Amino acid sequence: MNLTRLLAERAAAGSPVRVGLIGAGKFGSMFLAQVPFTPGLEVSVIADLSPERARAACREVGWSEDLIAATTFIEDGVALTSRDDVEVVVESTGNPGAGIAHARASIAAGKHMGMVNVEADALAGPLLAQEARAAGVVYSLAYGDQPALVAEMVDWARATGFEVVAAGKGTKYLPAYHAVTPDGVWNHYGLTAAEAAAAGMNAQMFNSFLDGTKSAIEMAAIANACDLDVPTAGLAFPACGVDDLPSILRPREAGGVLDRSGMVEVVSSLERDERPVFRDLRWGVYVVLKAPSAYAADCFRQYGMKTDASGQYAAMYKPYHLIGLELNISILSAALRGEPTGQARSFRGDVGSVAKRPLKAGEMLDGEGGFTVWGKLMPASESLARGALPIGLAHHVKLVRDVAQGDVVLWRDVEPIQSAAAIARRDMEAAFASRAAAAE
């Protein structure tokens, strides 16, 4: 609750917090929209594959020509990380390989890293966070996106003495969505392809939100940052409104749907027959907590909290998240406090690649939200034992054997992957395999 005061002190001292942004897409643009209204925070350089597109994004969000002229625009994200006029690097490309490369370059240069790129975090976040801690810099999940917001709520619950029973977010989900491809995505958003194109919306990216992949990636990041378990069978996506969170998101032995206490889960805003859920949490995040005593349970009731029938389980939730508009919290927390807004501390959750249809040897996988695979949340110990191919590496790789629809694609099912991201992932698996097994 002191970030504004600390930032004002930096501004008064003539030492603003200087940020380098890599990737000026939607999330980056939303962050840029707030910069002119945050005295003491400056974006000194923006790296994007198209600097002109990045300049256009700045104009679109209301930057003055003077502010644009005072900002450096380049193509090379790695070069950005070593600049003297950058204190905090924000990685917002959405490309897991690029995210890992930029994170490691930032750490090597002694810069704090705000990792908007949760795809990279799900792929190798525990290793990147460990490397950052060793280097004395902050590696942080991005506030405004669901994982950091959930991490904050989990920290609040535990710091106040509550047991965290479940944590996660809401989304629009039906089982059939796992098979949706970019060709059919816009109908589920109530848009035509022409309307989506006019708005600059990327079909594959939005399809990753719909087919369950993004939810799996975000829950893996939360599990790893908050020491929470993941469902053995993958996310169940129960239909659930905010009033029913304490009843549904509790262990089976208590009448809920969870394998046990202390798990991540995503709730759907649709009933399985496509009816809307009453008071859904499609845009929000939640934590379910358990009263540690009869006195605390009485307080739940006295102060109007919705609980399960026993009165022991209750929920806190945030109905909305504002993604890039809230990113300043991560940047300022890193620069002014030296603290992350969520950071992987263990390797409990992983995201394997599952065939959307029967796949044949010789086909190329096309990654998150594509035509070939979707991402399934798995316990890390199971993923490692089975040799599951992480969804973050299922890009432009060729199958060497057939994979049945619904089966998990394995490392041995594809040609050897020699990319820097694959090497980092292998390093992470080697470093955390024993801890992943111990967590189960």
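Here is a short report on the structure shown in this document. Because the structure is predicted, anything quoted here is derived from the model rather than measured.

1. Some details on the nonpolar core
Side chains that are nonpolar tend, in soluble globular proteins, to be buried together.
In step 1: Counting residues in hydrophobic clusters, the biggest one holds 79 residues, and the most contacted among them are Leu365 and Leu389.
In step 2: A per-element tally of this core places helix α12 (residues 213-226) first, with nine residues.
In step 3: Excluding residues that lie within four positions of it along the chain, Leu365 makes contacts with Leu359, Thr372, Val373, Leu389, Ala394, His395, His396, Val397, Leu399, Val409 and Val414.

2. Describing unusual backbone geometry
In step 1: For Phe237, which is not a glycine, the phi torsion comes out positive at approximately 50°.
In step 2: Take Phe237: it is sitting in the loop between α12 and α13 (245-248).
In step 3: According to the relative accessible area criterion, Phe237 is buried, its value standing at 3%.
In step 4: The backbone of Ile323 shows a phi angle near 30°, a positive value even though the residue is not glycine.
In step 5: You can see Ile323 is positioned in the loop between β10 (313-318) and α15 (328-337).

3. Things to note about the pattern of salt bridges
In step 1: What the rule picks out here adds up to 27 salt bridges.
In step 2: Notably, a salt bridge pairs Arg348 with Asp227, separated by 3.6 Å at the nearest N-O pair. You can see Arg348 sitting in the loop between α15 and β11 (349-355) and its partner Asp227 sitting in the loop between α12 and α13, a full 121 residues away along the chain.
In step 3: A network of salt bridges, in which partner residues are shared, links Asp227, Asp229, Arg260 and Arg348.

4. Focus: the sheet that holds strand β5 (residues 112-115)
Sheet strands pair by backbone hydrogen bonding; their relative direction is either parallel or antiparallel.
In step 1: Across the sheet, which stays open at both edges, the six strands sit in the order β3-β2-β1-β4-β5-β6 with parallel pairing between neighbours. Two strands lie at the open edges of the sheet, namely β3 (72-74) and β6 (139-141), each paired on one side alone. The sheet shows a mean angle of 25° between the axes of neighbouring strands, direction not considered.
In step 2: Both strand β4 (residues 88-91) and β5 contribute to a ladder of four bridges, which runs parallel.

The rules behind these values
- Residues numbered from 1 in each chain as written.
- Predicted model: local features only at pLDDT ≥ 70, side-chain atom pairs only at ≥ 80, totals over all residues.
- Heavy atoms only, no water.
- Core = buried A, V, L, I, M, F, W, Y, C linked by side-chain atoms within 4.5 Å.
- Buried < 20%, exposed > 50% of the residue type's maximum accessible area, 1.4 Å probe, protein only.
- Helix = DSSP H or I, 4+ residues; strand = E, 2+ residues; numbered from the N terminus.
- Contact = heavy atoms within 4.5 Å.
- Salt bridge = Lys/Arg side-chain N within 4 Å of Asp/Glu carboxyl O.
- Pairing = 2+ DSSP bridges.
- Axes fitted to C-alpha atoms, helices over the stretch in contact; angles between N-to-C directions.

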